[in-house]
Amino acid sequence: DALDQRMAHQRQEYLDLIAEQAEHVQQQFARLAQQESNAQARADQWLRDADVLLNHISQHQRHQQFAPGELDVLRNELALSQANIRQGHFQAAIATGQSLYSKALKLQAEIEFRQLEWDTYHAEALRGARTCMAAVEAQVMAKWVFDTDEEQRELDAEIDYWSDGALTRLKDRVAAGLTTLEQQTPTLDELKRQIASNQTLQAELDDVVTLAKERLIASQLRVNIAEDVLGDLEQSGWQLLDSVWQGEEADDGKGWKNSYHMKLQALGGNERISIILPEDSPR
C-alpha cells in the first residue's frame, strides 16, 4: 500500500511536469508562428521535433516492455503528417504535428514513470526474496537450550530432518522466485504478488522451525518417559533386553521422530514390549 501511494504521488508529479513542458513548448511555437509566415516551415518544425522525441523513445527507453505497440502508432501518425506536407496540406500537417508532439511527450513521460514504478517494485521483491533465502539458509541447523529439572540441555537440530523435508521444499520455492526475479522480466502484477509471497514464505519458515522444535522436544520426552518406565519396571524385576527407534534403519540410524520400543524380560522369563508413541505438539 505504501508503494502504491508513493507511485501515485510520483505519477501526478510526472503529469504536472509534462503539462508544464507542453505549455512551454506551445508558447515557444506560438512565438515561432508569429514570426514565421511560412506554413510549411512550421509544419516541418513540428514534425522534426516530434521525430526527435520518437527516436529518443526508440533508442533509449524500454518502450516494448512498458508501452508495447504505442511507439508504432505514433510512427504511423508521423508518416501521415509527412504525407500531408508532400501533398501541400500544410495547415493539416501543423495540426497533426502539434498533436503528435504532445502525444510523444506524454508517451516519453509515461514510459519513464512505468519504468520507475517497475524498478521500485522489482527492487523490493528482490530484496524480500534474498532476505527470505538468507533466513532459510540460516535455519539449516539450529541450536536450542532447554531447561530440565536437573540442568540446562543444549540440543543441535537439523531442521530439514525434523520437518520431514519441509525446509528444503520451502527453499526450492524461494529459489524459484529468485530465479524469476534475476533472470526474467516479470510484470508489475507479478512483482506485487512476489512481494506478498515473500511475506508468506517468511511466515511459513517460522512454522517449519516451530514444528521441528516441537518434534525434537517430543522425541526427547519419549526418551524421558522410557527412562521413567524402565526405572519403575526394574524395581519389579524387569530387565531391558533391547531398545530401538521405529524405522531407524531406514532413517540413517536415527528414527528419532518415530515411536520408541523397549523389550524387557522378567526374572521368570516373561517378556514384554513397551512402546512410547510420538507426541507432535508437547505443550
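Rules of the game
Residues numbered from 1 in each chain as written. Predicted model: local features only at pLDDT ≥ 70, side-chain atom pairs only at ≥ 80, totals over all residues. Heavy atoms only, no water. Pairing = 2+ DSSP bridges. Helix = DSSP H or I, 4+ residues; strand = E, 2+ residues; numbered from the N terminus. Axes fitted to C-alpha atoms, helices over the stretch in contact; angles between N-to-C directions. Phe/Tyr/Trp six-rings, centres within 6.5 Å; stacked < 30°, edge-to-face > 60°. Buried < 20%, exposed > 50% of the residue type's maximum accessible area, 1.4 Å probe, protein only. Lys NZ or Arg CZ within 6 Å of the ring centre and 35° of its normal. Core = buried A, V, L, I, M, F, W, Y, C linked by side-chain atoms within 4.5 Å.

Draft legend 1. Expanded view of the sheet that holds strand 5 (residues 271-276). Spatial ordering of the open sheet is given by 3-4-5, a layout of 3 strands whose pairing is antiparallel. At either end of the open sheet lies a strand with only one pairing partner, and these are strand 3 (239-245) and strand 5. Across the sheet, the mean angle from the axis of one strand to that of its neighbour is 20°, orientation sign disregarded.

Draft legend 2. Quick look at the packing of aromatic side chains. A full pass over the atoms with the stated rule returns 4 aromatic pairs. Relative to Tyr101, the ring of Trp46 has its centre 5.9 Å away and its plane inclined at 70°; by these criteria the two rings are edge-to-face. Of the two residues, Trp46 is situated in helix 2 (residues 39-60) and Tyr101 in helix 5 (residues 90-138); the sequence distance between them amounts to 55 residues. Overall, Tyr101 belongs to the buried group, its relative accessible area being 14%. Here the aromatic rings of Tyr161 and Trp162 are separated by 5.1 Å at their centres, their planes lie at 85°, and the arrangement is edge-to-face. Each of the two residues, Tyr161 as well as Trp162, counts as buried. Over the ring of Tyr121 we find Lys192; its NZ or CZ atom is 5.2 Å from the centre of that ring.

Draft legend 3. Molecular detail of the nonpolar core. Counting 58 residues, the largest nonpolar core has Tyr101, Trp144, Ile159 and Leu205 as the members making the most contacts within it. Sorting the residues of this core by element identifies helix 1 (2-35), helix 2, helix 4 (70-86), helix 5, strand 1 (141-147), helix 6 (159-162), helix 7 (166-183) and helix 8 (188-234) as the ones contributing at least two each. The leading source of residues in this core is helix 5, at 19 residues. Listed in part, the 10 residues of the second largest apolar core include Leu233, Tyr260, Leu264 and Ile276.

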